[in-house]
Amino acid sequence: MEIVLHLENHCIEMAAKKKYAELLRDLLREEDEEKEKLLEFILEFIEKADFGHLRKIGFDGRRKIKVKVRKVRDSFEVEEFDEE
């Protein structure tokens, strides 16, 4: 499973929390099994990620970028990507 976060004028931690809030709002309106799984995924990322380290390596919101977050075994992998 993976999720895409948009970083612009806020760091990866804030982007993850915004995505969490967005998914929660959607689920309060209508049940959706896929969104429930994404909500659990993003919550686990928020709880386990080392956001200080992620900000240090460039996911600090100074640049407008998109990142993919995916789980690899017991940890999370974050990488910048371009949609083309």
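Since the model is a prediction, treat every value here as computed from it, not as a measurement.

### Quick word on the environment of Glu 8
- Among the structural elements, Glu 8 can be located in the loop between β1 (2–7) and α1 (12–29).
- The spatial distance from the C-alpha of Glu 8 to the C-alpha of Ser 75 is 25 Å, given a sequence separation of 67 residues.
- Residues contacting Glu 8, with those up to four places away along its chain left out, are Gly 61, Arg 63 and Lys 64.

### Regarding the sheet that holds strand β3 (residues 75–81)
- The sheet built from 3 strands is open, its strands ordered β1-β2-β3 with antiparallel pairing. Strands at the two margins of the open sheet, each flanked by one partner only, are β1 and β3. Averaged over all neighbouring strand pairs, the angle between strand axes comes to 25°, with direction disregarded.
- Strand direction decides the pairing type here: strand β2 (residues 65–72) and β3, joined by 7 bridges, are antiparallel. Of the residues in β3, the one forming a bridge with Val 67 is Glu 80.
- Each of β1, β2 and β3 is contacted by α1, which is oriented at about 120° to β1, the strand it contacts most.
- Where helix α2 (residues 33–48) meets the sheet, its contacts fall on β1, β2 and β3, and the angle it forms with β1 comes to roughly 60°.

Calculation criteria
- Residues numbered from 1 in each chain as written.
- Predicted model: local features only at pLDDT ≥ 70, side-chain atom pairs only at ≥ 80, totals over all residues.
- Heavy atoms only, no water.
- Helix = DSSP H or I, 4+ residues; strand = E, 2+ residues; numbered from the N terminus.
- Contact = heavy atoms within 4.5 Å.
- Pairing = 2+ DSSP bridges.
- Axes fitted to C-alpha atoms, helices over the stretch in contact; angles between N-to-C directions.

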